[in-house]
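Structure assessment
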Amino acid sequence: MWTNFFKLRLFCCLLAVLMVVVLVINVTQVEYLDHETVSATFIDSSGQFVSSQVTGISRNPYCGYDQQTLSSQERMEEDSLLAALHRQVPDVGPVPFVKSTDPSSSYFVILNSAAFFKVGSQLEVLVHVQDFQRKPKKYGGDYLQARIHSLKLQAGAVGRVVDYQNGFYKVFFTLLWPGKVKVSVSLVHPSEGIRVLQRLQEDKPDRVYFKSLFRSGRISETTECNVCLPGNLPLCNFTDLYTGEPWFCFKPKKLPCSSRITHFKGGYLKGLLTAAESAFFQRN
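All values reported here derive from a predicted model rather than from experimental measurement.

Analysis parameters
Residues numbered from 1 in each chain as written. Predicted model: local features only at pLDDT ≥ 70, side-chain atom pairs only at ≥ 80, totals over all residues. Heavy atoms only, no water. Pairing = 2+ DSSP bridges. Helix = DSSP H or I, 4+ residues; strand = E, 2+ residues; numbered from the N terminus. Axes fitted to C-alpha atoms, helices over the stretch in contact; angles between N-to-C directions. Buried < 20%, exposed > 50% of the residue type's maximum accessible area, 1.4 Å probe, protein only. Lys, Arg positive; Asp, Glu negative; His and termini not counted. Salt bridge = Lys/Arg side-chain N within 4 Å of Asp/Glu carboxyl O. Polar contact = N/O pair within 3.5 Å; in protein donor to acceptor, adjacent residues only side chain to side chain. Contact = heavy atoms within 4.5 Å. Core = buried A, V, L, I, M, F, W, Y, C linked by side-chain atoms within 4.5 Å. Phe/Tyr/Trp six-rings, centres within 6.5 Å; stacked < 30°, edge-to-face > 60°. Lys NZ or Arg CZ within 6 Å of the ring centre and 35° of its normal. Expected span 1.5 Å × (residues − 1). Disulfide = S-S within 2.5 Å.

**Observations regarding the sheet that holds strand 6 (residues 155–158)**
Consider a sheet: its strands pair through backbone hydrogen bonds, and that pairing is either parallel or antiparallel. Taken in spatial order, the 3 strands line up as 6-5-9 in an open sheet, and their pairing is antiparallel. Because the sheet does not close on itself, it has two edges, and the strands there are strand 6 and strand 9 (182–189). Between one strand and the next, the sheet's axes are offset by a mean angle of 25°, whatever the strand orientation. Bridge count for strand 5 (residues 143–150) against strand 6 is 4 bridges, and the pairing is antiparallel. Looking at the pairing, Arg147 lines up with Val158 of strand 6.

**A short note on the side chain of Asp131**
The residue Asp131 is located in strand 4 (residues 122–131) in this model. The side chain of Asp131 sits in the buried core without any salt bridge; Lys99 is the nearest counter-charge, 5.0 Å away. Separated by 2.9 Å, the side chain of Asp131 and the backbone nitrogen of Gln133 make a polar contact. Ignoring sequence-local partners within four residues, the contact set of Asp131 consists of Val98, Lys99, Ser100, Thr101, Asp102, Ser105 and Lys137.

**A word on the pattern of salt bridges**
Two side chains of opposite charge can pair, provided their charged atoms sit close to one another. As enumerated under the stated definition, the model contains 4 salt bridges in all. For Glu192, the salt bridge goes to Lys137, with nearest N and O atoms at 2.7 Å. Taken as a pair, Glu192 in helix 3 (residues 191–203) and Lys137 in the loop between strand 4 and strand 5 lie far apart in primary sequence, 55 residues in all. Accessibility expressed as a relative area gives 4% for Glu192, which makes it buried. The buried category is assigned to Lys137, whose relative accessible area is 4%. Note that Arg199 and Glu277 form a salt bridge whose closest N and O atoms lie 3.1 Å from each other.

**Quick word on the nonpolar core**
Judged by nonpolar contacts, the single largest core of 14 residues is most densely connected at Leu123, Val125, Val127, Ile148, Val171, Phe173 and Val183. Looking at this core, the elements that each hand over two or more residues are strand 4, strand 5 and strand 8 (168–174). If one sorts the elements of this core by residue count, strand 4 sits on top with 4 residues. Contacts of Leu123, omitting those with residues within four sequence positions, involve Ile110, Asn112, Phe117, Ile148, Val171, Phe172, Phe173, Leu175 and Val183.

**Brief notes about the side chain of Lys170**
Position of Lys170 relative to the elements: it lies in strand 8. Those residues within four positions of Lys170 in sequence are excluded, and the remaining contacts are Leu111, Glu124, Val125, Arg160, Val161, Val162 and Tyr164.

**Quick word on the packing of aromatic side chains**
Applying the stated criterion to the full structure yields 4 aromatic pairs. Through a chain of ring-to-ring contacts, the aromatic side chains of Phe97, Phe132 and Phe280 assemble into a single cluster. The cationic tip of Arg260 hangs over the ring face of Phe238; the distance from NZ or CZ to the ring centre is 3.8 Å.

**Quick word on helix 3**
Between the first and last C-alpha of helix 3 there are 18 Å, a value that for 13 residues agrees with the 18 Å anticipated at 1.5 Å per step. Looking only at helix 3, the buried set comprises Ser191, Glu192, Gly193, Ile194, Val196 and Leu200. Considering only its buried residues, helix 3 is in contact with strand 3 (101–110), strand 5, strand 9 and helix 4 (275–278).

**Some points on the state of the cysteines**
According to the stated counting rule, one finds 2 disulfides in the structure shown. Note on cysteine connectivity: Cys225 is disulfide-linked to Cys249, with sulfurs 2.0 Å apart. Of note, the bridge from Cys225 to Cys249 carries an S-S torsion of about 105° and is right-handed in sense. One end of the pair, Cys225, is in strand 11 (residues 219–226); the other, Cys249, is in strand 13 (residues 248–250), with 24 residues separating them in the sequence. Judged by relative accessible area, Cys225 falls into the buried class, the value being 0%. Residue Cys236 pairs covalently with Cys257 via a disulfide, S to S 1.9 Å. For the disulfide bridge between Cys236 and Cys257, the dihedral angle about the S-S bond is near -85°, and by the sign convention the bridge is left-handed. Taken together, the residues Cys236 in strand 12 (residues 235–237) and Cys257 in the loop between strand 13 and strand 14 (260–268) connect sequence positions 21 residues apart. Take Cys236: its relative accessible area is 0%, and that puts it in the buried class.

**Regarding unusual backbone geometry**
Non-glycine residue Gln154 carries a positive phi angle of around 55°. Within the secondary structure layout, Gln154 lies in the loop between strand 5 and strand 6. The exposure class of Gln154 is exposed, given its relative accessible area of 64%. Of note, the phi angle at Gln165 is positive, near 60°, even though the residue is not glycine.

Right under this line is the structure:
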């Protein structure tokens, strides 16, 4: 009896050790896959997975950012994020408003409308954009948002948009619930407007400015803060010691940098767009 009990106990111990070893191996593999796949890949405009190491996309050095030291894993993650945010907007030169994308004259068709659908099926929609002269556009780069929704079920889902860079887009939806669905495609920004936004990002990255309040006793001062500040005035360096993200404020005239008590948004730089550029962002 004791021999059988000892054998059973030994078997249970060996089984427990085996389960721990398998668990450790699985966790290690999951962490490895997570680092390799999430940090190293993104989906480009053709819907294909591309390694971020071969995209050649890099951020423009801006003030303190070019002084940051990143680990190889941080650099890989940064590259993948930049690649995911990258939009292929063609450089076609100045475009008048009437030749920009007109949502009211653009249209879409459901390609597989005659098919039998079930939950999990894929719905394909072809979008063709035209300008305000009702002429088909020959290039892409528009920022489109597409969704399917059911008012009855209060359900909705977004679609994956593929830009073919010739005025045609294809949207892929996964049908997640039974019943009827409605398809809607919205133009958030035309490609011409996105080019303006990219120019602002390059030329005026500090168009949103911030301020900090410094106080000691009855003396208080407010100064401007940002990632980069113009001129050669004395600065307070509030760069994050852990992440290396730069942040500076103009040094108060009477108070030390250590007297900062609060931080808030100051406002926006205005008058950065011309009248022609502003037309790309009008509604209705």
